[in-house]
Amino acid sequence: MRLMDGKVVVIFGVANKRSIAWGITQALVEHGARLALNYQNERMRESVEKLVEELPERPWLAPCDVTDEGQVDAFFAGLEQEFGQIDGLVHSIAFAKREELGGSFHDTSWDGFALAQQISAWSLIPLARHGAKLMEGRDGSIVCLSYYGAEKVVEGYNVMGVAKASLEATTRYLAASLGPSGVRVNALSAGPIKTVSAMGISGFSGILDAIEKRAPLRRNVTQLEVGKAATFLLSDLASGITGQTLYVDSGYSIVGV
Ligand code: 1JT
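Draft legend 1. Representation of the overall build of the chain. Secondary structure summary: the chain contains eight helices and seven strands in total. Principal-axis analysis of the C-alpha atoms gives the chain an extent of 50 × 40 × 40 Å. Evaluated residue by residue, the chain yields a buried proportion of 52% over its 257 residues. For the chain, long-range pairs separated by at least 24 residues make up 75% of all intrachain contacts whose partners lie at least 6 apart in sequence. Working note: accessible area of the chain is about 12,500 Å², and carbon and sulfur atoms make up 52% of it. On the chain, the mean spot of the 24 positive side-chain charges and the mean spot of the 29 negative ones are 5 Å from each other.

Below, the structure is given as structure tokens:
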């Protein structure tokens, strides 16, 4: 069954083979989607160019640092020229300074707080605005990535927890404002995954161990499992779903004591 035949999806956030966005790319390719990807800067360009060589069809690639309005404008202008319209958009982008992920939350700096919000939450708004413009009359779908630390305190997640809470609320407000145009907006709350940016954060491997011990499925989730759920939300199978946060977490979030 191919869920995405004839659909165009733009994916923000592929950096390397461990990126969640790469798992989403692979699942969407499996389901027949035509893809467009960004790379954050020239340094990232090479690694993304190399990764996409594995795919059966080369996706459209262009630079886009989401903190640069000019680059966002140029990216979507190029996208429109290449595809005309699009059907889906994936936001798989987050950032926090290493020193803010750990230590005492009450020591959070304004700069660290603002940076995490700008890149991890606010950036969804301009991407959704530009994306929705290319989805007119197409029943479009937008998906972003969250984490359990948005709603419960996860030691050390700190400023990212507040940014993800903001992202989930942004998802609901965008769902309400874009719904009348037929555009759906949902978040996936993924279990912890060994990505390049997560590895080496103190406490992270303990969180992976806790999932293996306590989650109903007794294992961690993979990038591809998140990709399959993203494909569902982007597809017509989810045509009645908007504003939601869907958990892809081996069931961890349902467990109490
Ligand atoms: C970022 C990073 C966002 C790691 C992230 C993230 N969302 C989930 N993780 C994994 C994670 C989870 C916990 C944690 C640390 C990392 C890395 C920097 C960019 C944004 O606890 C300390 C619970």
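Draft legend 2. Up close: the packing of aromatic side chains. Tallying each qualifying case throughout the model produces eight aromatic pairs. Here the aromatic rings of Trp 60 and Phe 83 are separated by 6.5 Å at their centres, their planes lie at 85 degrees, and the arrangement is edge-to-face. Note that Trp 60 is positioned in strand S3 (residues 60–63) and Phe 83 in helix H3 (residues 69–83), a separation of 23 residues in sequence. Relative accessible area serves as the criterion here: at 16%, Phe 83 is assigned to the buried category.

Draft legend 3. Spotlight on the layout of surface pockets. If you add up the space inside the largest pocket, you get close to 1,300 Å³. Lining the largest pocket are 48 residues, with Ala 94, Phe 95, Thr 195, Ser 197 and Ala 198 positioned closest to its centre. Counting only elements with at least two residues in the lining of the largest pocket, the list comes to helix H1 (20–30), strand S2 (34–39), helix H2 (42–52), strand S5 (141–146), helix H6 (158–178) and helix H7 (204–214). Counted by class, the lining of the largest pocket contains 27 nonpolar, 16 polar and five charged residues. When its volume is computed, the second largest pocket comes out at roughly 310 Å³. Taken together, 19 residues form the lining of the second largest pocket, with Tyr 147, Val 153, Val 154, Glu 155 and Ile 207 sitting closest to its centre. Classifying every residue of the lining of the second largest pocket by side-chain character gives ten nonpolar, seven polar and two charged.

Rules used in this analysis
- Residues take numbers from 1 onward in each chain, read along the sequence in its written order.
- With pLDDT at 70 or above as the cut-off, local features in this predicted model cover only qualifying residues; side-chain atom pairs require 80 or more to be listed or tallied, and sums for whole chains, interfaces and linings still use all residues.
- Only hydrogens and water are set aside when side-chain values are computed; all heavy atoms of the structure are taken into account.
- Each helix corresponds to a stretch of at least 4 residues labelled H or I by DSSP, and each strand to a stretch of at least 2 residues labelled E; elements are numbered beginning at the N terminus.
- Only protein chains enter the area calculation, which uses a 1.4 Å probe; residues under 20% of their type maximum are buried, those over 50% are exposed, and those in between are partly exposed.
- A contact between two residues is defined here by any heavy atoms of the two lying within 4.5 Å.
- Every accessible area reported is derived by Shrake-Rupley at a probe size of 1.4 Å, with residue values counting cover from the shown protein chains alone.
- Only four residue types enter the charge count: Lys and Arg as positive, Asp and Glu as negative, with His and the chain ends excluded.
- Every charge is mapped to an atom, namely NZ of Lys, CZ of Arg, CG of Asp or CD of Glu.
- Between 30 and 60 degrees the pair is tilted, below 30 it is stacked and above 60 it is edge-to-face, where a pair is any two Phe, Tyr or Trp rings, Trp via its six-membered ring, whose centres lie within 6.5 Å.
- Lining residues are defined by having an atom within 4 Å of a point belonging to a cavity or pocket. Those points lie on a 1 Å grid over the protein atoms alone, cavities being sets where a 1.4 Å probe fits but cannot get out and pockets being open sets with protein on both sides within 12 Å along at least five of seven lines.
- Grid points are joined across faces, edges and corners, and a volume is the space filled by probe spheres set on the points.
- Here the nonpolar group is Ala, Val, Leu, Ile, Met, Phe, Trp, Tyr, Cys and Pro; Asp, Glu, Lys and Arg are the charged ones; every other residue, Gly included, is treated as polar.

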